[in-house]
Amino acid sequence: MSDAIESILHEDRQFAPPAEFTANALISSEEHYQEMWQQAKDDPTTFWGDLATSELDWFQPFDSVMEGDMPETKWFQGGKINASYQCLDRHLTTWRKNKAAIVWEGEPGDTRTLTYQELHREVCKFANVLKQLGVETGDRVTLYMPMVPELTIAMLACARIGATHSIIFGGFSAEAIADRNNDAQAKVVVTADGGWRRGKEVPLKTNVDNSMEKSKSVQKVVVLRRTGGDVEMVPDRDYWWHDLMENASAECEAEQLDSEHPLFILYTSGSTGKPKGVLHTTAGYMLGAQMTSRWVFDYKDEDTYWCTADIGWITGHSYIVYGPLANGVTSVMYEGAPNWPDEGRFWELVEKHRVNIFYTAPTAIRAFIKWGDEWPQKYDLSSLRLLGTVGEPINPEAWMWYRKVIGGDRCPIVDTWWQTETGGIMLSPLPGVTATKPGSCTTPLPGVVPAIVTEDGEELDANQGGLLVMTQPWPHMLRTLYGDHDRFIETYFAKFNGKMYFAGDGARKDEDGFYWIMGRVDDVINVSGHRLSTMEVESALVSHELVAEAAVVGFPHELKGEGICCFVIPKGDIPADEAKETLRQHVRTQIGAIATPDQIRFTPALPKTRSGKIMRRLLRDIAAGRESTQDTTTLEDQSILEKLREG
Ligand code: WT7
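Here the structure is a predicted model, which is why all the values come from computation and not from measurement.

Draft legend 1. Inspection of the pattern of salt bridges at higher detail. This structure, assessed with the given rule, holds 39 salt bridges. Among the salt bridges present, the one from E105 reaches K352, with a minimum N-O distance of 2.8 Å. In this pair, E105 sits in strand 4 (residues 100-105) while K352 sits in helix 12 (residues 345-353), placing the two residues 247 residues apart along the sequence. In this structure K352 comes out as partly exposed when scored by relative accessible area, which is 43%.

Draft legend 2. Focus on the site of the ligand. Around the ligand sit 16 residues, and of these D415, T416, T420, R520 and K613 come closest. Contact between the ligand and D415: a nitrogen atom at 2.7 Å from a side-chain N or O atom of the residue. The side chain of K613 places a nitrogen or oxygen atom 2.8 Å from an oxygen atom of the ligand. Partitioned by chemical class, the residues of the shell around the ligand number 6 nonpolar, 5 polar and 5 charged.

Draft legend 3. Geometry of the packing of aromatic side chains. Under the defined criterion, the tally for this structure stands at 39 aromatic pairs. Here F47 and W295 contribute two aromatic rings whose centre-to-centre distance is 6.2 Å and whose plane-to-plane angle is 40°, an arrangement assigned as tilted. Taken as a pair, F47 in helix 3 (residues 44-55) and W295 in helix 10 (residues 282-297) lie far apart in primary sequence, 248 residues in all. A relative accessible area of 6% means that F47 is categorised as buried.

Draft legend 4. Structural view of helix 10. Between its first and last C-alpha atoms helix 10 spans 22 Å; for 16 residues at 1.5 Å apiece the expected length is 22 Å, and the two agree. Counting buried positions along helix 10 gives 15 out of 16 residues, so the element sits mostly inside the fold. Once helix 10 finishes, D298 follows within two positions and takes phi at roughly 50°, a positive value.

Draft legend 5. Broad picture of the pairing of strand 17 (residues 330-334). Counted residue by residue, strand 17 has 5 buried out of 5 residues, so it is predominantly covered. Judged by which residues are buried, strand 17 turns out to be covered on both faces: T330, V332 and Y334 on one side and S331 and M333 on the other are all buried. Pairing analysis gives 4 bridges linking strand 4 to strand 17, with the strands arranged parallel. What sits directly across from I102, in strand 17, is S331. The parallel pair strand 16 (residues 304-307) and strand 17, bridged by helix 11 (residues 314-326), forms a crossover whose chirality is right-handed.

Draft legend 6. Focus on the pairing of strand 29 (residues 561-570). Counting buried residues along strand 29, 8 of its 10 residues qualify, which places the element largely inside the surrounding structure. Note that strand 28 (residues 547-557) and strand 29 share 10 bridges and pair antiparallel. Along strand 29, the bridge assignment pairs A551 with F567. Turn length for the strand 28-strand 29 hairpin, with the two strands adjacent in sequence and antiparallel, is 3 residues. Pairing of strand 29 with strand 30 (residues 599-602), which is carried by 4 bridges, proceeds in the parallel orientation. Paired with C566 across the strands is I600, a residue of strand 30.

Draft legend 7. Seen up close, the sheet that holds strand 20 (residues 413-415). Within the open sheet, the 7 strands sit side by side as 5-4-17-16-18-19-20. Their pairing is mixed. On the outer flanks of this sheet lie strand 5 (111-115) and strand 20, each paired with one strand and no other. On average, each strand axis in the sheet is tilted by 20° relative to the strand beside it, whichever way the strands run. The sheet contact formed by strand 16 and strand 17 spans 3 bridges and is parallel. When the sheet's bridge partners are listed, T304 is paired in strand 17 with T330. Of the strands in this sheet, strand 4, strand 5, strand 16, strand 17 and strand 18 (357-360) touch helix 12, which is tilted by about 140° from strand 4. Across the face of the sheet, helix 15 (residues 396-406) comes into contact with strand 18, strand 19 (386-389) and strand 20 while running at roughly 150° to strand 19.

What counts as what
Residues numbered from 1 in each chain as written. Predicted model: local features only at pLDDT ≥ 70, side-chain atom pairs only at ≥ 80, totals over all residues. Heavy atoms only, no water. Salt bridge = Lys/Arg side-chain N within 4 Å of Asp/Glu carboxyl O. Helix = DSSP H or I, 4+ residues; strand = E, 2+ residues; numbered from the N terminus. Buried < 20%, exposed > 50% of the residue type's maximum accessible area, 1.4 Å probe, protein only. Near = heavy atom within 4 Å. Polar contact = N/O pair within 3.5 Å; in protein donor to acceptor, adjacent residues only side chain to side chain. Nonpolar A, V, L, I, M, F, W, Y, C, P; charged D, E, K, R; others polar. Phe/Tyr/Trp six-rings, centres within 6.5 Å; stacked < 30°, edge-to-face > 60°. Expected span 1.5 Å × (residues − 1). Pairing = 2+ DSSP bridges. Right-handed = clockwise from strand over helix to strand, strands pointing away. Axes fitted to C-alpha atoms, helices over the stretch in contact; angles between N-to-C directions. Contact = heavy atoms within 4.5 Å.

Written out as structure tokens, the structure reads:
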């Protein structure tokens, strides 16, 4: 296949789940998994219909499970449901009423625990506040808040009255807020005076103020007092959260909403142009969040579960709030940075709250490795029984470190592949079943039917890299890009005539049917006619003891078409130039002559988005010696580009 992506990474290690883990797991045998997967593929109506009936609480049962072909599939039509009811009310008639729903820790060290009953009360009150401010079912509400319990309260309050929330990550600028307010035509913004990040106050309210001139649809702003910093309150527009809550009633019936009622919009950056407003609806999304989190994290009622993501990303929506709460789990929430006041903060929290399940991102894992083993080793991590990762391909060596240093060689690792658009985890080990391989997100969950295809949509053989697609609809998939259905079709479905969902990632499936993600297809480089995945070269680099992190991009090369340029963060100080040759040889012996780097550039840092993803498009410009025309507003540290250019 000429347009196949050649895979050059070899990984033979494999780790079966410990027998004890399997013995207690919800899904505990390969046969059970196969049976579920096959049924979901052959008869999705029965599979999802049965789950929706038994797992979701309905005010009115649905008439049909699925109607219409992908991408226009409608789920559970005729049913009436409410996501906040699903997360809260139904636990109040059980012993979970007084179970901790949220265990929260602020960056300065302040803590709060809210039981399901307490959370329910706050949600009802804030739902009444929103109503009082004129928010109606169908309106959009922007949430621009720190990682505090009130963010969860505001989300569930929106869900309770059928307002669609649009959460903007607290690291975004006034400009980004205005864009999103306008695109969603938000009526109310909920924010805070500020939030804590590495000991400094993030001026959330000021950013909102600076967005207001360009946010014409916004009528009211609610401000939570968090840091106590000075803020300006505009009369008849701005209200303190605590003033509004003081007299709010704690009685608020959950609105009976259609299955396809819009639950939230979440903006995700496109490679070009304005951000895409990914829209998720109620019943399908909730079923997906609830079931995938139970299958993958194998929740036990006594578990303390911690997902370190920010709620401003989809991971926080599905796996801090909707999935865990629907399952009645205790979910830890932490406001601040992992290295504040020192690099041991996460491990201190694991020890303090005796966390059992820990879910984080490769970018964080690589930072932990760089900071050194002494930090996790200071703390008792023996409560951990399961580890997870999400967001990027994890390099096998980082995976091994995670397993050994954090998991004590005892915890299964679930490497979960999914996207903002998929709503929930798609490919992942089942921790009691799957024998994992470092760097592979392994196999599809029940209801997920992926394939690896060529540009023409032809399925590729084992171990041939190609495009990752989904061939069947699933309940928690995005329904549209808000206000731009044409772009939705164009971005995800046009490539294969509407028949398959195109994820935008390159991947291969090995001889055991395990999937290996090779990164975004935009990141593939073509060296002398061989299409290589930059991620695999990065993994080879990171397996060398000198290297903490690496980003690889192509650049125009006279002979080869594209050459390989590697930006490398060393573990210690910037090494002498000989080290460059050492690394070139290392990649050569690890994966072969074709992947020998043309350039190695040492750098103290890499340009990253605020969610921790390396911005390879900027590196491509630097490698090619071009002026960049790219949008850099999502860059976390603007000064990095200058440093890289100088280097
Ligand atoms: C893209 C989606 C899903 C929550 C966080 C990111 C990459 C995600 C993995 C993984 C390899 C992964 C993909 C995907 N990605 N998880 N386990 N292994 N790559 O959400 O911002 O929508 O990004 O993240 O490239 O397409 P997102």
